[in-house]
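An overview of the molecular structure
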Amino acid sequence: MDNFGVRDVVTDPPCGEGDLGHPLPDSPYAVSVALPHWEHVIGYEEGAPKVLDKLRTGYPRFFVPRIVRQLEIQCLSEIGAGSDELCSIYPDEITAERCAGYIRERTDGWPVRTERLHDKGVVAVVFPAQIHRVAADYWRYCGEGISARHATFLLGQGECRQGEGLDARAELRDGIAKDCGQGSQDVFLFSSGMAAVSAVHRALNAFAPGMRSVQFDFPYVDVLRTQREMGDGNVFFPIGDADALRELRQLVESDSPPCGVYCELPSNPLLRSVDLPAIAEITRPFGIPIVVDDTVATNLNVDVFEYADIVTTSLTKYYSGKGDVLAGAVTVNEASPLSAKFRVALADGNGDKSLWDEDAITLLENSRDYHQRMERINETTPRLVNWLETHPAVERIWYPAGETRQCYDMVRRPGGGYSGLLSLLLRDAGNNSAKFYDALEICKGPSLGANFSLACPYMFLAHYQELDWCESLGLSRWLIRVSVGLEDFTDLRDRLERAFAAIGH
Ligand code: PLP
């Protein structure tokens, strides 16, 4: 049995070579995992057993938690599956059928079926091992698969407090609604940020069948993937500048207008903000919805509801802070002319029951100090950015206060800050980046918004198969993304200093 809960990853980050695979935080439900060296990231991306075998956990949409794997094996045996069959477990029929449909559409006649496990109340999607990659893609894009806590319970090792779960979801909805000034009935909870995004995407496709979506500026990897893989196609404006606005206007006024416009405020990883008033001026007369993802800024720092019809948030990040639960929210703008339609579309299906009881209870508990944490992060990060900007080893820093700041400021709340995510590029990056990263004494792995600072070679981790394409759009492969946590400014600066020393600065 694995030992958890021993190491405080804030004060003692597992960042050395021997720490590969350490859960971040030190919990069986950690959503991040230590990839302390640049080579580990490459090994992870290439599926190298010497890296994968060491991972005690991983980001749950990308790395099926080991406890969920155990449940899969048990389910396969219970349903008498063939030796060449595998399965993914979903919490209910609706999500399982969606997964099965996705796999069937992309594979040529392979048998894919769903099997209800009556004693467990969950549904297995069973497929031949040969097409496991397609099933893994769906698991990743839709983020609706069963959670590690749920699997633990079904294996008889955890609890399920249904009544408290119901209360926790209600309290979460109330809290989010209060923070962003919307009604509780307009907040919908999901099992991940991507589950929230894909629910909105399904709604948009249902409202305007056959119409493409627009992605305005370069977003978080799976937000673009989902639009490309599901629905009726996507028009991508990788840089959301004045030229893109002009093209957007042409598209909106054409005879094939988009079903909706997606943007992030600010974007991940370049921390750029789009001109929301300008987009709204173009789309509103045509009733085309604007979908804004406020995950990186958080709803405490920005209020995008003057322009957004609907907002998606990965609660996995700042809202949780602890990094031990995956969750997402969709908030409908009650003033949007489309609000009634969105409410109906989002309440349909599995609704917020998809955030499992124990995950909701954990998230609620984690969110208690959300306001204080954001205040601290808003304060530490700009100090670090100011220091890094003048550092001789640094070529360029990306931070919302420096990138398209006027666009961010247009929706910044009074007293709101610029949050905790920055990206940096070193001078002579090809030679220095891996050395610097390897020497950096903070947690290193996927995710952001955790209470502990977290760095990663973001492009290698998220875009390994398309690095050249990304570079053609202005995203250097050597980008190092840093999510600032609750540590002291001086502590973090000292840790960065030592990494700079490793590259001769
Ligand atoms: N939106 C943004 C901006 C993100 O950065 C992420 C994840 O990193 C997501 C959505 C997806 O959230 P989740 O991983 O909780 O599904």
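Residues numbered from 1 in each chain as written. Predicted model: local features only at pLDDT ≥ 70, side-chain atom pairs only at ≥ 80, totals over all residues. Heavy atoms only, no water.

Let's shift gears to the overall build of the chain. Per the secondary structure count, the chain includes 19 helices and 17 strands. Sorting the 505 residues of the chain into buried and exposed places 62% on the buried side. Carbon together with sulfur atoms contributes 49% to the accessible area of the chain, which is approximately 19200 Å² in total. In the chain, 49 side chains carry a positive charge and 73 a negative one; their mean positions are 1 Å apart. (Helix = DSSP H or I, 4+ residues; strand = E, 2+ residues; numbered from the N terminus. Buried < 20%, exposed > 50% of the residue type's maximum accessible area, 1.4 Å probe, protein only. Areas by Shrake-Rupley, 256 points an atom, 1.4 Å probe, with all protein chains shown as cover. Lys, Arg positive; Asp, Glu negative; His and termini not counted. Charge placed at Lys NZ, Arg CZ, Asp CG, Glu CD.)

This part covers the site of the ligand. Looking at the ligand, there are 14 residues lining it, with Y59, D293, S314, T316 and K317 nearest. The backbone of M194 places a nitrogen or oxygen atom 2.8 Å from an oxygen atom of the ligand. N268 has a polar side-chain atom sitting 2.9 Å from an oxygen atom of the ligand. For the ligand, whose accessible area on its own is 390 Å², the fraction buried by protein is 97%. Split by residue class, the shell around the ligand holds four nonpolar, six polar and four charged. (Near = heavy atom within 4 Å. Polar contact = N/O pair within 3.5 Å; in protein donor to acceptor, adjacent residues only side chain to side chain. Nonpolar A, V, L, I, M, F, W, Y, C, P; charged D, E, K, R; others polar.)

This next bit is on the sheet that holds strand β3 (residues 85-90). Spatial ordering of the open sheet is given by β3-β5-β4, a layout of three strands whose pairing is antiparallel. Since the sheet does not close on itself, it has two edges, and those belong to β3 and β4 (113-117), each with one partner. For this sheet, the mean angle separating the axes of adjacent strands, direction not counted, is 30°. Set on the sheet, helix α3 (residues 66-78) makes contact with β3, β4 and β5 (122-128); between it and β3 the angle comes to about 115°. (Pairing = 2+ DSSP bridges. Axes fitted to C-alpha atoms, helices over the stretch in contact; angles between N-to-C directions. Contact = heavy atoms within 4.5 Å.)

Okay, helix α12 (residues 339-347) next. Because each turn of an α-helix spans 3.6 residues, side chains separated by three or four positions end up pointing in the same direction. Looking only at α12, the buried set comprises S339, F342 and L346. Taken around the axis of α12, the buried residues stretch over an arc of 60°, which confines them to a single face. Pointing more than 90 degrees away from the buried face of α12 are the exposed residues V344 and A347. (Arc of directions from axis to C-beta.)

With that out of the way, let us pick up the nonpolar core. Counting residues in each nonpolar core, the largest one holds 134 residues, and the members touching the most others are F216, L276 and F500. Among the elements that make up this core, the one with the highest residue count is helix α8 (residues 193-207) (eight residues). Looking at which domains feed residues into this core, each of domain 2 (162-368) and domain 3 (370-501) supplies at least three. In this structure, F216 is in contact with F237, G240, D241, A244, L245, L248, V261, Y262, C263, V274 and I279, ignoring residues within four places of it in sequence. Counting 36 residues, the second-largest nonpolar core is a separate cluster that includes V64, I103, V112 and W139. (Core = buried A, V, L, I, M, F, W, Y, C linked by side-chain atoms within 4.5 Å. Domains from an automatic or database assignment.)

So, on to the side chain of S336. Within the secondary structure, S336 is located in the loop between β12 (328-332) and α12. Looking at S336, its side chain comes within polar contact range of the side chain of D309, at 2.6 Å.

Glancing now at the packing of aromatic side chains. Applying the stated criterion to the full structure yields 20 aromatic pairs. Here the aromatic residues W38, Y437, F460, Y464 and W478 are joined through ring pairs into a cluster of three or more. Between the NZ or CZ atom of R106 and the centre of the ring of Y102, over which it lies, the distance is 3.6 Å. One Lys or Arg, R149, reaches over the ring of Y29 and ends 4.2 Å from the middle of that ring. (Phe/Tyr/Trp six-rings, centres within 6.5 Å; stacked < 30°, edge-to-face > 60°. Lys NZ or Arg CZ within 6 Å of the ring centre and 35° of its normal.)

Summed over all chains, the structure comprises 38 salt bridges. Put simply, E105 and R106 hold a salt bridge, and the shortest N to O gap is 3.4 Å. Each of R7, D12 and D19 takes part in one network of salt bridges that share partners. (Salt bridge = Lys/Arg side-chain N within 4 Å of Asp/Glu carboxyl O.)

Take helix α1 (residues 38-45) next. Most of α1 sits inside the fold, with six of its eight residues counted as buried. Residues of α1 that are buried: W38, H40, V41, I42, G43 and Y44. Residues of α1 that are buried in the fold lie against α2 (49-52), α16 (429-439), α17 (458-463) and β17 (480-483). At the exit of α1 stands G47, carrying a positive phi of roughly 70°.

What follows is about unusual backbone geometry. For the peptide bond that leads from L24 to P25, omega is 0°, which places it in the cis range. For P25, the position within the fold is in the loop between β1 (23-24) and β2 (32-33). In this model, N268 is joined to P269 through a cis peptide bond whose omega is 20°. Looking at where P269 falls in the secondary structure, it is placed in the loop between β9 (260-264) and α11 (276-283). A positive phi angle, close to 80°, is found at D217, a residue other than glycine.

It is worth spelling out the sheet that holds strand β15 (residues 443-444) at this point. Within a sheet, each strand pairs with its neighbour through backbone hydrogen bonds, oriented either parallel or antiparallel. Strand order in this open sheet of five strands is β13-β14-β17-β16-β15, and the pairing throughout is mixed. Two strands lie at the open edges of the sheet, namely β13 (394-398) and β15, each paired on one side alone. By the bridge criterion, four bridges tie β13 to strand β14 (residues 421-426) in an arrangement that is antiparallel. Bridging across to β14, I397 finds its partner in L424. α16 contacts β14, β15, β16 (454-456) and β17 of the sheet and is inclined by roughly 130° relative to β14.

Our focus in this paragraph is the domain arrangement of the chain. Many analyses report the size of an interface as the accessible area lost when the parts associate. Looking at the chain, the domain boundaries give domain 1 (66-146), domain 2 (162-368) and domain 3 (370-501). Summarising the inter-unit geometry, the C-alpha centres of domain 1 and domain 3 are found 37 Å apart.

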